[in-house]
Amino acid sequence: MNCHVAISKGIATDLKKIVPSHQKIYTLPNCVDIINYHIFNVTPSKDKRFLYVGRIEYASQKNLKDLLLAFSRFDESYQLDIVGTGNETDLLQCKKAVENL
């Protein structure tokens, strides 16, 4: 089963226009209320893929450095796809980190 996580209701609405209707879409806002939280199953499987969509910044606001480091600790049954734009320096830093990790 494929599922998608959106960080706002607007993004969830946009996702509903492009993903098949049988795939679930969860909304997990940027600000998460500690009383009202979601738990997702992240057990290893060949079908576990994660998608980052957004501005590519290695160490500043988006801090993909930490995402890449954390993801490097997963076994090879997980896949991370990164989609976005950024300046050439950040793109090169991310690519180098992926190669090194």
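Further up the page is the structure itself.
Residues numbered from 1 in each chain as written. Predicted model: local features only at pLDDT ≥ 70, side-chain atom pairs only at ≥ 80, totals over all residues. Heavy atoms only, no water.

Caption draft 1: Fine view of the overall build of the protein chain. A count of helices and strands for the protein chain gives three helices and four strands. Moving toward the C terminus, one meets the helices and strands of the protein chain in the order β-α-β-β-α-β-α. The burial tally for the protein chain puts 16% of its 101 residues in the buried class. In the protein chain, of all internal contacts separated by at least 6 residues, the share reaching a separation of at least 24 is 48%. (Helix = DSSP H or I, 4+ residues; strand = E, 2+ residues; numbered from the N terminus. Buried < 20%, exposed > 50% of the residue type's maximum accessible area, 1.4 Å probe, protein only. Contact = heavy atoms within 4.5 Å.)

Caption draft 2: Seen up close, the pairing of strand β2 (residues 24-27). Across four bridges, the pairing between strand β1 (residues 3-6) and β2 is parallel. What sits directly across from A6, in β2, is T27. Tracing the backbone out of β1, into helix α1 (residues 9-18) and back to the parallel element β2 gives a crossover that is right-handed. (Pairing = 2+ DSSP bridges. Right-handed = clockwise from strand over helix to strand, strands pointing away.)

Caption draft 3: Representation of the side chain of D90 in the model. Within the secondary structure, D90 is located in helix α3 (residues 88-100). Look past the residues within four positions of D90 in its chain and what remains in contact with it is I56, E57, Y58 and A59.

Caption draft 4: Broad picture of the environment of Y78. Relative to the elements of secondary structure, Y78 occurs in strand β4 (residues 78-83). With 30 residues separating them in the primary sequence, Y78 and K48 have C-alpha atoms 5.2 Å apart.

Caption draft 5: Structural view of the pattern of salt bridges. The full count for this structure, using the stated rule, is three salt bridges. Close ionic contact of K17 with D14 constitutes a salt bridge, the shortest N to O distance being 3.9 Å. Here the residue K17 and the residue D14 both occupy positions in helix α1, the gap between them amounting to three residues, near one helical turn. When its relative accessible area of 66% is taken as the criterion, K17 is described as exposed. Put simply, D81 and R49 hold a salt bridge, and the shortest N to O gap is 2.4 Å. Within this pair, whereas D81 is found in strand β4, its partner R49 is found in strand β3 (residues 48-53), the two being separated by 32 residues in sequence. (Salt bridge = Lys/Arg side-chain N within 4 Å of Asp/Glu carboxyl O.)

Caption draft 6: Representation of a nonpolar patch on the surface within the structure. Taken together, the side chains of L51, V53 and V83 present a nonpolar region at the surface, about 300 Å² in accessible area. Following the sequence through the fold, L51 ends up in strand β3. When its relative accessible area of 57% is taken as the criterion, L51 is described as exposed. (Patch = residues over 30% accessible without salt bridge, like charges linked within 9 Å, V, L, I, M, F, W, Y side chains within 5 Å. Areas by Shrake-Rupley, 256 points an atom, 1.4 Å probe, with all protein chains shown as cover.)

Caption draft 7: View of helix α2 (residues 64-71). Burial in α2 covers these residues: L64, L68 and F71. For α2, the arc enclosing every buried residue in end-on projection is 70 degrees, short of the 170-degree limit, so these residues lie on one face. (Arc of directions from axis to C-beta.)

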